Amino acid sequence: MDFMVFQYPMISVQACLDGVLLGILFALIAYGMALQWGVMNIINIAQGDLVILGGYIAYFMYLYGIHPAWGVIVAPIIMYFVGVGLYKLVINKVVDRDLFISILATFGISILFMQLMNFAFGADVVLANSGYGTTFLFESAVVLPNSKIFSAFISILFAICLVIYMKKSKLGRAIRATAQNARAAKILGVDTEKVYAATFGINAALCGVAGALISITFTIHPYMGLPYTIRSFMIVIVAGLGNLPGVALSGMGLGVFEEFADYILGTEFRIGAVFLLLVLILVYRRFKLSRKREYLK
Amino acid sequence: MNKNLILYAAILVFGITAPFIFPAFKVQLSILCVLIVLALTWNIQGGEMGYNTFGNILFYGLGMYLCASVQVGMFFPLAEWTESGGEKTFVHTPAEFFQGMAVGLVVAAVVPTIVAGLIGYSILGLRGHYFAICTLGLGVAAGEISGGIEIIGAGQGFTTPPFPDVGGLEARGEFFYFLSFMAVVLTFTAVRAIYSTRFKLILNAIRDNEDKAEAMGIQTMKYKIIGWMISAFFCGLAGGIMGGLVGYIDSTDVAFDGREMGVFMVLMAILGGKGTLWGPVIGATVFHIFKEGFWTFFLGWQYVALGVLIVVIVIYFPEGIMGWLREKYPERFGEVVDEADRKAQVELK
C-alpha cells in the first residue's frame, strides 16, 4: 500500500489524465462488445484476443519500417475479414443457442488465438514506437506521451464515425432493426445472416483499431487478451446495452480506477484489482436488483 | 442393482490393483483420479444445478495452497520456508509429513467450503452468463492476488514438502495414488448418495426453472449455497492432493490455473455428458487419455488442440457421451419407448 498519490496532488492529476485517455480506448472496445451483444446476443470472450491481434498488425508494420499509426487504417480492414471468417466458421453456430455455449466456444477461440499468436509472434512483450514525443504540463509535473493523446483522439473519431454510420446507412439501420427484433427484421426482408456477419466484422474491426492504438501507446503480449475482455464486459454491464455516452463515461471511470489502483496497490495487483472490481460490480447490482425481486438478465 | 454391485466391485478391484499392474503410470493414474473428482464436483453445479461456473478453480487453488501451508506451518516457520525456495533447510520427518498432510487435507477441504458458504449468498444470486463471467473473474482475481502475497511464495512459487525417505519413489507414487483414489471413491459415493435424494430433484428444479421452483415454495438460495459448498469441499480436497503430487505451486500456472484446470473441469463434464452420474467419470477418462497423447506427441501445440477441442465439443457435441448413448439406447436408461413412435420419428428424419 502506498498513499503517495494523496500527498502529492500532481500525481493524482497525472493518474486522472492517464486514466481518462486509457479509458477512451477501453470504451472503444466495449462499444464493439455492446454491439455484438445487443445484436447477436453472444458474449465474446475472444474480444481481447482480437484486440491483441490488431496490435500485432500495427507492430509488424512498424517492424517493416511503416509508421505504426497507419495500422489504425490497415488493422481494421484486415480484422474485419478475420471477424467475418470467424463468424462463418464458428459464431454462426452459436448465435441462437444458450449464452453459456457462446461463452465457452469463444473461450476456446480465445485459447486458440492466444497460442497461435504465441507461435507466430513470440512470447515477448513488444510495443511499436511511434516517436511522437511527450507533452509536459504544469511545469513538468505531469507527463503525457503524445501517443496517448493521439490514440484517444483517433478512438473518439472512430466512435463518432461509427455512430453516424449506424444512424444513416442502410446496413446500420438493418443492424439496429435486427437488434430490436431479429424475427421481424427477417420477415421484412433483412438478411439477418449477413447482418450478423457484418456486425461481428465491425466489432473485430473496432478491436483492430483499439489494438493498433494499444500497440503504440502501451505494450502487447499474446496472453494479455483476457483482461481487455473483462474490462469491456464490465463497462457494458455498468453502462447498459446501447447507451453510448454511458459506455464512454464508464470506460473513463474504469481507466481512472485502474491508474489509482496501480499507484496505491502496486502494479502487480493491477489486473487482480480489475477482476475483483468486476465481481464487486456484479454483486452490487445483484443486491440492488434483489430489493425489487429482480435479477440481471 | 445386482449388476451394479458387480460393476462397482470390479472398478474397486481394478482401482486397488491398478498401480501394481501399471507401475509406470502411477502419477498419471493419480492425476486421472483428481480430474474425475473435479469433473464430478463441476457436474453438481453446472450439470445438475445449471449454474455454469468457471470459478471452482478458486476452491481448488485455495485447497492447494492451504494444504501445503498447513503442512509446512505446523512444524516450521512458513515465511522462511518459502524464502529458501528450492533449497531444503528444513526437512520433515516421516511422522511429521503424514501428520501435516492429514491435517492439511482436512483444512484444504473445510476452508473452501466455508468460503463458498460466505460468498455464496452474493454470487449465486447472479443468473446465467453473469454468474459464469463473475466466477471467471473470481478465479483470475484469486490467481493474480495470490501471486503478489509474499508469505506463500508470491511470483517465485511455493515448493511443497518433499516426500520423506520411506521406500523411495515407488512409495511416493503409491501413497499419492491411494490418496487420490480414496478421494475419488469418497466423492463418487457422496455424489451418488446425494443424487438419490430429494436434494438432487431440487437442484434439477433450479436448473429447469428457478422462478417456478421458488414459486413452489423451495428456498432456492439455500439449496444453491449447499450445492456450491459440496462442490467446494471436494474441489479443495482434490487441490490439496494435487499440490502434494505436483510438488510445486505457482499462483497462475498450477493453483489458480483457469486456462488449464479451470477449463478442463468444464470440458470433461460436458464431454462425458452433464447432468449424469457417470458422465463426468467417463468424460474425465477419455479427456485424460486424449490430453496425455496430445501433450506427449504434439508438445507445443497442446493449447491449439485444446482450443479446437473446446469449440468442437461445445458446438457439435454438447450432449456428451452419455447424452449420445441415451439417445441411441433409451431402454438402457430406464426410459419406456413406444416402438411405433420411434419408427415414426426415424421415418421423419
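All chains use their own residue numbering, which begins from 1 and follows the written sequence. In the order they appear in the text, chains get letters beginning with A and ligands get numbers beginning with 1. It should be noted that, the model being predicted, local features are given only for residues of pLDDT at least 70 and side-chain atom pairs only at 80 or more, the latter also being counted only at that level, while totals for whole chains, interfaces and linings use all residues.

**Some points on the overall build of chain A**
- In DSSP terms, a helix is any run of H or I states spanning at least four residues, a strand is any run of E spanning at least two, and both are numbered starting from the N terminus. Across its full length, chain A carries 12 helices and two strands.
- Reading the secondary structure of chain A in the N-to-C direction produces α-α-α-α-α-β-β-α-α-α-α-α-α-α.
- In this description the radius of gyration comes from C-alpha coordinates, and the expected globular size is given by 2.2 Å times residues to the power 0.38. Since a compact globule built from 297 residues should have a radius of gyration of about 19 Å, the 19 Å found for chain A is in line with a globular shape.
- Principal axes of the C-alpha set define a box for chain A whose edges measure 65 × 55 × 40 Å.
- Three exposure classes are used, based on other C-beta atoms lying within 10 Å of a residue's own C-beta, which is placed from the backbone: buried for 20 or more, exposed for 12 or fewer, and partly exposed in between. Taking all 297 residues of chain A together, 50% fall into the buried category.
- By the convention adopted here, residues are in contact when the distance between their C-beta atoms, placed from the backbone, does not exceed 7 Å. Look at the contacts in chain A between residues 6 or more apart in sequence, and 76% of them connect residues 24 or more apart.

**Considering the overall build of chain B**
- Each helix and strand in chain B was counted, giving 16 helices and two strands.
- Against the 2.2 N^0.38 benchmark of 20 Å for 349 residues, chain B shows a C-alpha radius of gyration of 21 Å, consistent with a compact globule.
- Overall, the C-alpha framework of chain B stretches about 75 × 50 × 40 Å when taken along its three principal axes.
- Among the 349 residues that make up chain B, the fraction classed as buried is 47%.

**Some thoughts on the interface of chain B and chain A**
- Each partner contributes to the interface: chain B provides 33 residues, whereas chain A provides 35 residues.
- Element by element, the count of residues in the side of chain B that touches chain A is highest for helix α6 (residues 128-146) of chain B, at 12 residues.
- Under the scheme applied here, ten amino acids are nonpolar (Ala, Val, Leu, Ile, Met, Phe, Trp, Tyr, Cys and Pro), four are charged (Asp, Glu, Lys and Arg), and all others, including Gly, are polar. Grouping the constituent residues of the side of chain B that touches chain A by class yields 21 nonpolar, nine polar and three charged.

**So, the nonpolar core**
- Working definition: the nonpolar core is a set of buried Ala, Val, Leu, Ile, Met, Phe, Trp, Tyr and Cys residues, joined through C-beta atoms within 7 Å. In this structure, A:Ile29, B:Ala238 and B:Ile310 are the most contacted members of the largest nonpolar core, which totals 197 residues.
- In contact with A:Ile29, other than residues within four places in its own chain, are A:Gln47, A:Val51, A:Leu206, A:Cys207, A:Ala210, A:Tyr228 and A:Ser232.

**Quick word on unusual backbone geometry**
- Of note, A:Asn41 is a non-glycine position whose phi angle comes to about 55°, a positive value.
- Looking at where A:Asn41 falls in the secondary structure, it is placed in the loop between α2 (9-40) and α3 (47-63).

**Notes on the confidence of the model for chain B**
- When pLDDT is averaged along chain B, the result is 82; 93% of the residues meet or exceed 70.
- For this predicted complex, the interface confidence score (ipTM) comes to 0.81, while the overall pTM stands at 0.85. A residue's pLDDT is the confidence the predictor assigns to it, expressed on a 0 to 100 scale.

**So, the confidence of the model for chain A**
- On average, chain A scores 84 in pLDDT, and the residues at 70 or more come to 95%.
- Mean pLDDT across the elements of chain A bottoms out in helix α1 (residues 4-7) of chain A (65) and peaks in helix α9 (residues 192-217) of chain A (89).

**A closer look at the packing of helix α6 (residues 146-168) of chain A against α9(A)**
Residue and element names in this part refer to chain A.
- Between α6 and α9, whose axes approach to 9 Å, the crossing angle comes to 170°. One element, α6, and the other, α9, form an angle in the roughly antiparallel class. Within the contact between the two elements, α6 uses Ser147, Lys148, Ser151, Ile154, Ser155 and Phe158 and α9 uses Val209, Leu213, Ile216 and Thr217.
- In terms of residue class, the contact of α6 with α9 is built from five nonpolar, four polar and one charged. Under this scheme, a helix contributes an axis fitted over its contacting stretch, all axes are lines through C-alpha atoms, and angles between N-to-C directions fall in the 0 to 180 degree range. Angular relationships are summarised with four words: roughly parallel below 35 degrees, roughly antiparallel beyond 145, roughly perpendicular across 65 to 115, and oblique for the angles in between.

**Quick look at the environment of A:Val274**
- When you line up the elements, A:Val274 lands in helix α12 (residues 270-290).
- Taking the C-alpha atoms as reference points, A:Val274 and A:Met234, 40 residues apart in sequence, are found 9.2 Å from one another.

**Considering the packing of helix α7 (residues 170-180) of chain A against α9(A)**
All names here are of chain A.
- At a closest axis distance of 10 Å, the pairing of α7 and α9 adopts a crossing angle of 105°. What the angle tells us is that α7 and α9 run roughly perpendicular. Judged by residue contacts, Leu171, Ala174, Ile175 and Thr178 of α7 engage Thr192, Val195, Ala198 and Thr199 from α9.
- Along the lines of polarity and charge, the residues of the contact of α7 with α9 split into five nonpolar, three polar and no charged.

**Observations regarding α6(A)**
Residue and element names in this part refer to chain A.
- Helix length check: α6, at 23 residues, gives a terminal C-alpha distance of 33 Å against a target of 33 Å (1.5 Å per residue), a fit within 8%.
- Listed in full, the buried residues belonging to α6 are Ser147, Lys148, Ser151, Ala152, Ile154, Ser155 and Leu162.
- Close packing links the buried residues of α6 with α2, α4 (71-89), β2 (142-145) and α9. Expected helix span is given by 1.5 Å per residue-to-residue step, counting one fewer step than there are residues.

**What about the environment of A:Ala185?**
Residue and element names in this part refer to chain A.
- Within the element layout of this structure, alanine 185 appears in helix α8 (residues 182-187).
- Look at alanine 185 and you get buried, because 20 C-beta atoms sit within 10 Å.
- For alanine 185 and lysine 88, which are 97 residues apart along the polypeptide, the C-alpha to C-alpha distance reads 20 Å.
- Dropping the residues within four chain positions of it, alanine 185 is found in contact with Ala177, Thr178, Val190 and Thr192.

**Here we look at the environment of B:Gly262**
Residue and element names in this part refer to chain B.
- Positionally, glycine 262 belongs in helix α12 (residues 261-272).
- A tally of 27 C-beta atoms within 10 Å means that glycine 262 is categorised as buried.
- Distance from glycine 262 to isoleucine 149, taken between C-alpha atoms, is 22 Å for residues 113 residues apart in sequence.
- In this view, glycine 262 contacts Phe54, Ile57, Gly139 and Asp257; residues no more than four positions away in its chain are not counted.

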